[in-house]
There are 4 protein chains.
Amino acid sequence: MRKTIIGVMGGSVADEKTAQNAREMGRLIAENGWTLLSGGRPTGVMQASVSGAKEAGGLTIGVLYDEDRELAAKDLDIVIPTGMGAARNIINVLASDVVVACRGTGGTLSEIAMALRFGRPVVLLDFDPGESFLNAGALGCKWALAATPEDAAKKVGEYLKELGR
Amino acid sequence: MRKTIIGVMGGSVADEKTAQNAREMGRLIAENGWTLLSGGRPTGVMQASVSGAKEAGGLTIGVLYDEDRELAAKDLDIVIPTGMGAARNIINVLASDVVVACRGTGGTLSEIAMALRFGRPVVLLDFDPGESFLNAGALGCKWALAATPEDAAKKVGEYLKELGR
Amino acid sequence: MRKTIIGVMGGSVADEKTAQNAREMGRLIAENGWTLLSGGRPTGVMQASVSGAKEAGGLTIGVLYDEDRELAAKDLDIVIPTGMGAARNIINVLASDVVVACRGTGGTLSEIAMALRFGRPVVLLDFDPGESFLNAGALGCKWALAATPEDAAKKVGEYLKELGR
Amino acid sequence: MRKTIIGVMGGSVADEKTAQNAREMGRLIAENGWTLLSGGRPTGVMQASVSGAKEAGGLTIGVLYDEDRELAAKDLDIVIPTGMGAARNIINVLASDVVVACRGTGGTLSEIAMALRFGRPVVLLDFDPGESFLNAGALGCKWALAATPEDAAKKVGEYLKELGR
């Protein structure tokens, strides 16, 4: 049976609060029995979310920017190097049932934009790039702001229910 | 000598004013001796900008979403089918010296986000997705709002001068 | 711990013997505790190898040609739509520790060529595109012909041992 | 009007004869009024073919492996950085009306395989990866061996005529 995949997106550099949120988010994803997908780099939100999910015994997938498998987050179960650079962002989005954005800059914003475009619900964790942007993504696109990882996980659960998963 | 490429991004569906702006933008790009690059589809902002550039005798490049060369805008000089879907958005950005965004939805917003991320100046023509989004793209990223194609072309020229082109 | 991934490549159309080989190959991959990766389409070698692996309780990943998750092989655990068409072939290769080619045409041959180029050992199951091709791939590239799925699985195991996995 | 694009593929390292062939091939492409497309790196067959085409006043396009525009062949007119690594090989193929392969290893072989798969005729210049490979590419695929750049250009011209260009 197809596993439910939650994509956690965010920067390769993260401040302490954001890294903590990402780690907690990873833990909650694993505890809910969902699979974590991230950009898979060994830094920032990517490493933090993977570490959190592994602490809770979850399955983790990383879709890497680089060609080299060695540039993967520690403890990843499934390492998918692409060597495609930013072109791999669309894969992160399309492979996810729901996308969680833990702050981030241009790369993450491009993933949010594509998630809205391709009908993937987006939960923005402690991050608000503004309604003008979020509502411009697509007609009827789904997004929600969440203050804490707990709130975000609850919202993810609601979106999954709407999706019939 | 490497040609100066101006990328015009926007939706495959465009209202009349936006299509007119895109056409005028294409014309101004050609008149300035710049090469026009677009997503290359035969509809919306893509077709309109190509038509405008060709009316003024410019060189036009389309980087297609599809595998099939027949799904290209009319009058394109250089047709580059990718079959890569939205993954080709990053190519539109990286190949451009300056990006002009003529409204659009998620696809265009993802291109704006990546342009900011990869240091390509962005001119937003009659389109404002909000400062929260635009300033989150990257430290020191360059963007400007423009009300008309004439304003946009002037701004493009200034960015090119800053880039030493 | 990073899972060992064996990529099974082959056509979306397969004759009966090839489909049977692919199914048996999938089963052997699962029985050895390896993870199966394929192009993930619901036909030919892709579906057959996934079905075989699932019969033996293995973990299966599909990296899809298409954008649409519904165009995935039945019983896939992890569905990764790319919408990238043939550009996703390189992902199949880079994500695999060893590649098994079950016949196939141009798409599969491009994957074999890239596997040789990127240092992934290739086992050719009941398929011989010729030494002139196979040895041109790269200096010191590793490939082996195998007559049966059992031979192929044995060869995969030897390559994994050489790789220290 | 859409320009006729001839893709010249080959290694980033080239022996003297191959480099000379690539340069001469580039010159002949330009003299025939065709546009040259290559992988656009500043070395090997890529640089040589671009230099040849520019000597004859032709238009040249490079679709780069890298993100960085500075890693482009000298004298390229149109530089398209992709940052996609080997995933950009499919673009080289799809954008070409006819593909000329000037020797090369795995990367070039993957391009030949995809050209055969996507119906682009292939001319192999002083290079023979074997009929077992070439005929396995696709049913009815078109390829020809050529001993010299002059032979190759003649063959390209014949394929273009068959394609109605």
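Presented here is a report on the structure given in the accompanying data block. Throughout this description, residue numbers start from 1 for each chain and increase along the sequence as written. Whichever chain is written first becomes A and whichever ligand is written first becomes 1, with later ones labelled in order. Only residues with pLDDT of 70 or above have their local features reported here, since the model is predicted, and side-chain atom pairs are shown and tallied only from 80 upward, although totals for entire chains, interfaces and linings are computed over all residues. Note that the side-chain values use all heavy atoms of the structure and ignore hydrogens as well as water.

1. Notes on the packing of aromatic side chains
- For Phe, Tyr and Trp, rings pair up if their centres lie within 6.5 Å, where Trp contributes its six-membered ring, and each pair is then called stacked (planes under 30 degrees apart), edge-to-face (over 60) or tilted (otherwise). Enumeration over the complete set of coordinates arrives at two aromatic pairs over all chains.
- Aromatic side chains F133 of chain A and F133 of chain B sit 4.1 Å apart centroid to centroid with 5 degrees between the ring planes, which places their arrangement in the stacked category. Linking F133 of chain A in helix α5 (residues 131–134) with F133 of chain B in helix α5 (residues 131–134), this pair reaches from one chain into another. F133 of chain B carries the same exposure label as F133 of chain A, and that label is buried.
- Sitting over the ring of Y65 of chain B, R41 of chain B keeps its end group 4.2 Å from the ring centre. In DSSP terms, a helix is any run of H or I states spanning at least four residues, a strand is any run of E spanning at least two, and both are numbered starting from the N terminus. Relative accessibility under 20% of the residue-type maximum defines a buried residue, over 50% an exposed one, and the middle range a partly exposed one, all with a 1.4 Å probe and only protein chains included. Note on geometry: a ring has a charge over it if NZ (lysine) or CZ (arginine) is within 6 Å of the ring centre and within 35 degrees of the ring normal.

2. Considering unusual backbone geometry
- We note that D126 of chain C has phi near 55 degrees; this positive angle belongs to a residue other than glycine.
- By secondary structure assignment, the location of D126 of chain C is in the loop between β6 (122–125) and α5 (131–134).

3. A short note on the interface of chain D and chain B
- In what follows, a contact means two residues having at least one pair of non-hydrogen atoms within 4.5 Å. Contact residues are listed per partner, giving 26 residues for chain D and 26 residues for chain B.
- Here the buried area means the combined drop in accessible surface, using a 1.4 Å probe, for two parts upon being joined, counting both sides. Among the residues of chain D in contact with chain B, R2, R69 and L94 of chain D are the three that bury the most area, contributing 24% of the side total.
- Taken together, the elements giving at least two residues each to the side of chain D that touches chain B come down to β4 (78–81) and α3 (89–94) of chain D.
- Residue polarity is assigned by list, with Asp, Glu, Lys and Arg as charged and Ala, Val, Leu, Ile, Met, Phe, Trp, Tyr, Cys and Pro as nonpolar; anything else, Gly included, falls into the polar class. The residue inventory of the side of chain D that touches chain B, partitioned by class, reads 16 nonpolar, three polar and seven charged.

4. Here we look at the sheet that holds strand β2 (residues 35–38) of chain D
Residues and elements named next belong to chain D.
- When DSSP finds at least two bridges between two strands, those strands are taken to pair. Reading across the sheet, the seven strands line up as β4-β3-β2-β1-β5-β6-β7 and stay open at both edges, with parallel pairing between neighbours. Each having just a single partner strand, β4 and β7 (143–146) make up the two edges of the open sheet. This sheet shows a mean twist of 20 degrees between the axes of neighbouring strands, independent of strand direction.
- By the bridge criterion, five bridges tie strand β1 (residues 5–10) to strand β5 (residues 98–102) in an arrangement that is parallel. When the bridges of β5 are listed, G7 appears paired with V99.
- Orientation is described by lines fitted to C-alpha atoms, with helices fitted over the stretch in contact, and by angles between N-to-C directions that extend from 0 to 180 degrees. In the packing of helix α4 (residues 106–117) onto the sheet, contacts are made with β1, β5, β6 (122–125) and β7, and the angle to β6 comes to roughly 150 degrees.
- Seen against the sheet, helix α6 (residues 149–162) touches β1, β5, β6 and β7 and runs at an angle of roughly 175 degrees to β6.

5. Some words on the interface of chain A and chain C
- Listed per partner, the contact involves 26 residues of chain A and 26 residues of chain C.
- Between chain A and chain C, the buried area comes to about 2300 Å², and carbon and sulfur atoms account for 64% of it.
- The three residues of chain A that bury the most area against chain C are R2, R69 and L94 of chain A, which together make up 24% of that side's buried surface.
- A carboxyl oxygen of Asp or Glu within 4 Å of a side-chain nitrogen of Lys or Arg is what we treat as a salt bridge. With a shortest N-O distance of 3.5 Å, R69 of chain C and D97 of chain A are connected by a salt bridge.
- Side-chain atoms alone can form a polar contact between residues adjacent in sequence; in general such a contact is a pair of N or O atoms within 3.5 Å, and within protein one must be able to donate a hydrogen while the other accepts it. The tally of links from chain A across to chain C stands at six residue pairs in polar contact (both at pLDDT 80 or more).
- Broken down by secondary-structure element, the contributors of at least two residues to the side of chain A that touches chain C are β4 (78–81) and α3 (89–94) of chain A.

6. A short note on α4 of chain D
All names here are of chain D.
- Expected helix span is taken as 1.5 Å per residue step, with the number of steps being one fewer than the number of residues. Given a rise of 1.5 Å per residue, 12 residues ought to cover 16 Å, and the 16 Å separating the end C-alpha atoms of α4 matches this to within 8%.
- Taken together, the buried positions of α4 are occupied by G106, G107, T108, L109, S110, E111, I112, A113, M114, A115 and L116.
- Just downstream of α4, G119 is the residue with a positive phi angle, here 75 degrees.

7. Notes on helix α1 (residues 16–31) of chain C
Residue and element names in this part refer to chain C.
- A rise of 1.5 Å per residue sets the reference length of α1, with its 16 residues, at 22 Å; its end C-alpha atoms lie 23 Å apart and thus fit the reference within 8%.
- Listed as buried for α1 are T18, N21, A22, M25, G26, L28, I29 and A30.
- If you follow the buried residues of α1, they end up packed against β1 (5–10), β2 (35–38), α2 (44–55), β5 (98–102), β6 and α6 (149–162).
- The N-capping residue of α1, defined by a side-chain oxygen 3.2 Å from the backbone nitrogen of K17, is D15.
- Positive phi appears at G33, one or two residues downstream of α1, with a value of about 85 degrees.

8. Details of the relation of the copies chain A and chain C
- Here chain A sits on chain C after a turn of 180 degrees about the axis and a move of 0.0 Å along it, with an RMSD of 0.0 Å. Here the transformation between the copies is reduced to the relation of a two-fold axis.
- Comparing interface residues between copies, 100% of those in chain A also lie at the interface in chain C; the contact surface is shared. Copies overlap after least-squares fitting; the atoms used are the C-alpha atoms of residues with pLDDT of at least 70 in both.

9. Considerations on the sheet that holds strand β4 (residues 78–81) of chain B
Residue and element names in this part refer to chain B.
- A sheet is described by the order of its strands in space; here seven strands give the open sequence β4-β3-β2-β1-β5-β6-β7, paired in parallel fashion. The two strands at the open ends of the sheet, each matched to only one other strand, are β4 and β7 (143–146). Across this sheet, the average inter-strand angle for adjacent strands is 20 degrees, counted without regard to direction.
- Against the sheet, helix α2 (residues 44–55) engages β1 (5–10), β2 (35–38), β3 (60–64) and β5 (98–102), with an angle of about 165 degrees to β2.

10. Digging into the nonpolar core
- For the purposes of this section, nonpolar cores are sets of buried Ala, Val, Leu, Ile, Met, Phe, Trp, Tyr and Cys residues that join through side-chain atoms within 4.5 Å. Counting residues in hydrophobic clusters, the biggest one holds 133 residues, and the most contacted among them are I112 of chain A, I112 of chain B, I112 of chain C together with I112 of chain D.
- Setting aside anything within four residues of it in sequence, one finds I112 of chain B in contact with A101, V122, L124, F127, F133 and L134 of chain B.

11. With respect to the pairing of strand β5 (residues 98–102) of chain A
Residue and element names in this part refer to chain A.
- In terms of burial, β5 is largely enclosed, as five of its five residues are buried.
- Both faces of β5 are covered, namely the face carrying V98, V100 and C102 and the face carrying V99 and A101.
- Bridging between β5 and strand β6 (residues 122–125) involves three bridges; their strand directions are parallel. By the bridge assignment for β6, V100 is matched with V123.

12. Quick notes on the packing of helix α1 (residues 16–31) of chain D against helix α2 (residues 44–55) of chain D
Residues and elements named next belong to chain D.
- Closest axis-to-axis distance for the α1/α2 pair is 6 Å, and the angle between their directions is 35 degrees. Crossing handedness for the pair α1 and α2: right-handed. Residues T18, A19, A22, R23, G26, R27 and A30 of α1 form the contact with α2, whose own contacting residues are V45, A48, S49, S51, G52, A53 and E55.
- A class-by-class count of the residues in the contact of α1 with α2 yields six nonpolar, five polar and three charged. Handedness of a helix crossing follows the sense of rotation of the near helix relative to the far helix, less than a right angle counterclockwise being left-handed and clockwise being right-handed.

13. Quick look at the side chain of R120 of chain A
Residues and elements named next belong to chain A.
- With respect to the helices and strands, R120 occurs in the loop between α4 (106–117) and β6.
- It turns out R120 is buried and unbridged, and the closest side chain with the opposite charge, D97, is 6.4 Å from it.
- Within the local environment of R120, its side chain forms a polar contact with the backbone oxygen of V93, the two atoms lying 3.5 Å apart.
- In terms of polar contacts, R120 uses its side chain to reach the backbone carbonyl oxygen of F118, at 3.0 Å. When charges are counted, Lys and Arg contribute as positive and Asp and Glu as negative, whereas His and the chain ends are disregarded.

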